[in-house]
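Structural overview for review
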There are 2 protein chains.
Amino acid sequence: MAASKGSGQVTRADVAREAGVSTAVVSYVVNNGPRPVAGETAERVRAAMTALHYQPNLNARALKRGRSQTLGLVVVDSLNPFFTELSLALEQAAAERGHRMLVAESHGDPDIEDQLVRELTGRQVDGLLLVSSFRRHDHGAPFSSDSTPTVFLDSPGPLPGRHTIGPDAAAGARTAVQHLIGVHGRASVGLVIGPGRVATPDPRETGWRRALAEVGIPAGRLVVDDWSNAGGYRAVRRLINDDDQPDGLFISSDVQAVGALRALHEAGVDIARECPIVSFDGTRAGSYTWPALTSARQPVTEMARTALELIERPQLAVGHHSFAVELLVRDSCGCPVHPPVEASAVAQPSTSTPDERPENVI
Amino acid sequence: MAASKGSGQVTRADVAREAGVSTAVVSYVVNNGPRPVAGETAERVRAAMTALHYQPNLNARALKRGRSQTLGLVVVDSLNPFFTELSLALEQAAAERGHRMLVAESHGDPDIEDQLVRELTGRQVDGLLLVSSFRRHDHGAPFSSDSTPTVFLDSPGPLPGRHTIGPDAAAGARTAVQHLIGVHGRASVGLVIGPGRVATPDPRETGWRRALAEVGIPAGRLVVDDWSNAGGYRAVRRLINDDDQPDGLFISSDVQAVGALRALHEAGVDIARECPIVSFDGTRAGSYTWPALTSARQPVTEMARTALELIERPQLAVGHHSFAVELLVRDSCGCPVHPPVEASAVAQPSTSTPDERPENVI
DNA sequence: GTGAAAGCGCTAACAC
DNA sequence: GTGTTAGCGCTTTCAC
């Protein structure tokens, strides 16, 4: 077995020496091209690779090729299940197309976000996925990633000169509130929402107002707190301490809704009867709360696929891609209890529970 | 302004030309060393960098230096809040030490895991963090990352020749079950657990048995299902259909406990009274369920810090680092309801809720 | 204090 | 079908 260099790294030269060929041939074998290699030679090379535990240096390859097969993903908050599910979908869509994902978290800090974008582009990522960016897009300052295909996800609307993807949140919110009013006869529907980012007002607020206006109900209480469990919890506590409590709530994110549920329970509120809630996102996590969240579902898989398409075809015209959301009717709105569908999806040998109805999708 | 190369990439050569210096000087400025640069020259270089929007190619740097300032993290399941919180802690610990994190997900598939490890080492990561690895450590096959410092997290126990980190799960489980028996007078405590990975039996099972044996209660029902919401949900459904239902439950993970709660609620069980549960992990998410999860908390921050220390000092003796867990007493065990502590941590201008008691920590 | 140049590991012409 | 070699962008030794 040929001695490797001092560095400890086995390089293509070691393999070439071991197999008695040139480094080019090793390359041809590794990459299965661009030139043909005789079957027997290829065999020898492969044997040498295994013997030496050769592992190509992908950074060197990226340097040479100018592409890294890696995408950068910047997320605001990985603890939010919606972002987790979206990240997962993005990672899978990337994997399908042979890309790896470099993930970083901005914690909602625009400076960190900027810094991360710089680092990521410096790492030669082939594309940049920004989820729920706090970046100020209006100041026209050049963006260090302008040569890297970039897509903004969870965007409330179009951004000049950018590829953006987002839910049709206004329509989703409207549908959600309509359900509360039309199906459950609510007379006043409050709104819990997070601090605005790019758009003001948030389309979720717009949709809420619209649904109310359409049936002549005045817009009710609006509470703003963090996009987090704690935020939703605090928002509802404040609502509860008030005199004019709404008799229904539209909560702008599942993560807040979980906190809201908690606060409602603590206060002894009978949610289905006294304060039905509908939220936004439609994460799987919402199937397991009590009551399960009726929620406007964002089509994460489709959004992720579109994001990757935009990355791969940067010449595509920039613009906003709006995705329709669908209302996942579960229990928190007061509709009859729906067992989680996912749980029965995987067949379990021991005991099956065939008595489960599928979730209602509007 | 000097014209850049056709590639679109601004390189150090462009900056050097623009500033009228050599590429070496640019390097000295960028890296603040290793040779001194005259103040005025440095200024010129910096000006050129800004003018050209220069962004160093980090891959080239890694290639040259042999280090990338990047760590690889392989997680089984990013939807499990415990892993999410652990990943976040690892990412922050890495950031504190100037490392970025390349995150990948194995979906519990050992082949994918292997593949990811290869890719990551090929990307010159300076260290590898494997969370809840499915890798078979007993077959002695050489591990492609053997030259890369590697730490196994969420490990049930020591692994020959490896740095491992894990909770003292047996002790944690024992404490959890003792609480159910001692404080809440349970006469039979069931166990819900996930499929085993490396160790059999899982230390959680061992701790459960031990606590029971100590007070002369025979080990009760044990149900195995996925480490997921759905798994916990299904496990409890099976339990409920049985004749000999336990009157308390130790659930081996928060993620399963959430599903269990749902199943219990659906079945109309009064959890605090009829079937108190204690779980394992102590994630923040467990503060917002109804009832909030009493759970044995793993010290993720400390574990993450230790992991990074091990990565940075690879010469440290290999061995297992066991971390004590503490029982976070919340509501699901039947103790009086505890509002989430985190929610009051952030001061809210509008309405404060000073009436919250802190969580009990044993 | 500054510059020339070698070389990190790899790819892909181009020569044979 | 195989080998030689230039060069991706960077760091750093060594000369000046």
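The rules behind the values
Residues numbered from 1 in each chain as written. Chains lettered and ligands numbered in written order. Predicted model: local features only at pLDDT ≥ 70, side-chain atom pairs only at ≥ 80, totals over all residues. Heavy atoms only, no water. Helix = DSSP H or I, 4+ residues; strand = E, 2+ residues; numbered from the N terminus. Contact = heavy atoms within 4.5 Å. Near = heavy atom within 4 Å. Polar contact = N/O pair within 3.5 Å; in protein donor to acceptor, adjacent residues only side chain to side chain. Nonpolar A, V, L, I, M, F, W, Y, C, P; charged D, E, K, R; others polar. Salt bridge = Lys/Arg side-chain N within 4 Å of Asp/Glu carboxyl O. Domains from an automatic or database assignment. Buried area = accessible area lost by both parts, 1.4 Å probe. Buried < 20%, exposed > 50% of the residue type's maximum accessible area, 1.4 Å probe, protein only. Pairing = 2+ DSSP bridges. Axes fitted to C-alpha atoms, helices over the stretch in contact; angles between N-to-C directions. Expected span 1.5 Å × (residues − 1). Arc of directions from axis to C-beta. Least-squares fit on C-alpha atoms with pLDDT ≥ 70 in both. Phe/Tyr/Trp six-rings, centres within 6.5 Å; stacked < 30°, edge-to-face > 60°.

1. Concerning the overall build of chain A
Within chain A, the secondary structure is distributed over 13 helices and 13 strands. Within chain A, contacts between residues at least 6 apart in sequence are counted, and of these 68% link residues at least 24 apart.

2. So, the protein's contact with DNA strand C
Looking at DNA strand C, there are 29 residues lining it, with Arg12, Tyr54 and Arg61 of chain A together with Thr41 and Lys64 of chain B nearest. Thr41 of chain B is positioned such that a nitrogen or oxygen atom in its side chain is 2.5 Å from a phosphate oxygen of DNA strand C. Secondary structure elements with two or more residues in the surface near DNA strand C: α2 (23-31) and α4 (58-65) of chain A together with α2 (23-30) and α4 (58-65) of chain B. Each residue belonging to the surface near DNA strand C can be placed in one class, and the counts come to 13 nonpolar, 8 polar and 8 charged.

3. So, the side chain of Gln256 of chain A
All names here are of chain A. Among the structural elements, Gln256 can be located in helix α10 (residues 254-266). Within the local environment of Gln256, its side chain forms a polar contact with the side chain of Ser253, the two groups lying 3.0 Å apart. Leave out the neighbours within four places in its chain, and Gln256 touches Val192, Ile193, Gly194, Asp225, Asp226, Trp227, Ser228, Gly232, Tyr233 and Ile251.

4. Observations concerning the interface of chain A and chain B
Contacts between the two partners involve 70 residues from chain A, matched on the other side by 70 residues from chain B. For the pair chain A and chain B, the number of links is 4 salt bridges. Between Asp331 of chain B and Arg262 of chain A there is a salt bridge, with its nearest N and O atoms 2.8 Å apart. Sorting the residues of the side of chain A that touches chain B by element identifies α4, α5 (81-96), β2 (100-105), α6 (110-122), α9 (229-240), α10 and α13 (342-345) of chain A as the ones contributing at least two each. Here the side of chain A that touches chain B is composed, by residue class, of 26 nonpolar, 26 polar and 18 charged.

5. Let's talk about the domain arrangement of chain A
Residues and elements named next belong to chain A. Domain boundaries assigned for chain A yield domain 1 (8-56), domain 2 (69-168 + 301-324) and domain 3 (169-298 + 327-335 + 349-361). Between domain 2 and domain 3, the residue contacts involve 18 residues of the former and 18 residues of the latter. Summed over the three residues of domain 2 that lose the most area to domain 3, namely Phe82, Pro156 and Asp168, the buried surface amounts to 35% of that side. For the pair domain 2 and domain 3, the interface holds 5 residue pairs in polar contact (both at pLDDT 80 or more). Within the residue set of the side of domain 2 that touches domain 3, elements represented by two or more residues are α5 and α12 (300-312). The element contributing the most residues to the side of domain 2 that touches domain 3 is α5, with 4 residues. A breakdown of the residues in the side of domain 2 that touches domain 3 according to their chemical character gives 8 nonpolar, 4 polar and 6 charged.

6. Some thoughts on the protein's contact with DNA strand D
Lining the immediate environment of DNA strand D, one finds 29 residues, of which Thr41 and Lys64 of chain A together with Arg12, Tyr54 and Arg61 of chain B sit closest. Of all atoms in DNA strand D that approach within 4 Å of the protein, 53% are sugar or phosphate atoms. A distance of 2.4 Å separates a phosphate oxygen of DNA strand D from a polar side-chain atom of Thr41 of chain A. When the residues that make up the surface near DNA strand D are grouped by side-chain class, the tally is 13 nonpolar, 8 polar and 8 charged.

7. Structural notes on the pairing of strand β1 (residues 70-75) of chain B
Residue and element names in this part refer to chain B. For β1, a buried count of 6 out of 6 residues is recorded, marking the element as mostly surrounded by other parts of the structure. Alternating positions in β1 separate into two faces, Thr70, Gly72 and Val74 on one and Leu71, Leu73 and Val75 on the other, with burial throughout. The sheet contact formed by β1 and strand β2 (residues 100-105) spans 6 bridges and is parallel. If you follow Leu73 over to β2, its bridge partner there is Val103.

8. So, the sheet that holds strand β11 (residues 319-323) of chain B
All names here are of chain B. On the basis of which strands lie adjacent, the open sheet formed by 6 strands has the order β2-β1-β3-β4-β5-β11 and parallel pairing. At either end of the open sheet lies a strand with only one pairing partner, and these are β2 and β11. Across the sheet, the axes of successive neighbouring strands diverge by a mean angle of 20°, strand direction being ignored.

9. Overview of helix α8 (residues 203-214) of chain A
Residue and element names in this part refer to chain A. The end-to-end C-alpha separation of α8 is 16 Å, in line with the 16 Å expected for 12 residues at 1.5 Å each. Those residues of α8 lying buried are Pro203, Arg204, Glu205, Gly207, Trp208, Ala211 and Leu212. The residue sitting at the N-terminus of α8 and contributing the capping side-chain oxygen is Asp202; that oxygen lies 2.8 Å from the backbone nitrogen of Arg204. Gly216 sits one or two residues past α8 and shows a positive phi near 75°.

10. So, α4 of chain B
Since the α-helix turns once every 3.6 residues, residues separated by three or four places project in the same direction. Residues of α4 of chain B that are buried include every one of Leu58, Asn59 and Ala62 of chain B, and no others. Down the axis of α4 of chain B, the smallest arc covering the buried residues is 105°, so these residues share one side. In this structure, the buried residues of α4 of chain B make contact with α4 and α6 of chain A. Measuring from the backbone nitrogen of Asn59 of chain B back to the side-chain oxygen at the start of α4 of chain B gives 2.8 Å, which picks out Asn57 of chain B as the cap. At the C-terminal side of α4 of chain B, Gly66 of chain B shows a positive phi close to 85°.

11. Some points on the relation of the copies chain A and chain B
Rotating chain A by 180° about the axis while translating it 0.1 Å along that axis superimposes it on chain B, leaving an RMSD of 0.1 Å. Given the turn and translation reported, the copies of this chain are related as if by a two-fold rotation axis. Residue by residue, 100% of the interface of chain A is reproduced at the interface of chain B, so both copies engage with the same surface.

12. Structural notes on the sheet that holds strand β1 (residues 70-75) of chain A
Residues and elements named next belong to chain A. As summarised here, the arrangement of the 6 strands in space is β2-β1-β3-β4-β5-β11, forming an open sheet in which the pairing is parallel. In this open sheet, the two strands that pair with only one neighbour each are β2 and β11 (319-323). With direction set aside, neighbouring strand axes in the sheet form an average angle of 20°. When β1 meets strand β3 (residues 127-131), the two strands line up parallel, connected through 4 bridges. Within β3, the residue paired with Leu73 across the bridge is Leu129.

13. Points about the pairing of strand β9 (residues 277-281) of chain B
All names here are of chain B. Judged by how many residues are buried, β9 sits mostly within the fold: 5 of 5 residues are covered. Burial of β9 is two-sided: the residues Ile277, Ser279 and Asp281 facing one way and the residues Val278 and Phe280 facing the other way are all buried. Sheet topology places strand β8 (residues 249-251) next to β9; 3 bridges connect them, and they run parallel. Within β9, the position partnered with Ile251 by the bridge is Ser279. Two strands pair when backbone bridges link them, and β9 and strand β10 (residues 294-297) are joined in this way by 4 bridges, in the parallel orientation. Its bridge partner being in β10, Ser279 is matched across the sheet by Ser295.

14. Observations regarding the packing of aromatic side chains
Considering all chains together, one arrives at 4 aromatic pairs over all chains under this definition. A ring pair is formed by Tyr288 of chain A and Tyr233 of chain B, whose centres lie 6.0 Å apart and whose planes are at 75°; its orientation type is edge-to-face. Here Tyr233 of chain B lies in helix α9 (residues 229-240) and Tyr288 of chain A lies in the loop between β9 (277-281) and β10 (294-297), a pairing that spans two chains. Side by side, Tyr288 of chain A and Tyr233 of chain B carry an identical accessibility label, which is buried.

15. With respect to the environment of Leu73 of chain A
In this structure, Leu73 of chain A sits in strand β1. Placed 173 residues apart in sequence, Leu73 of chain A and Pro246 of chain A show a C-alpha to C-alpha distance of 39 Å.

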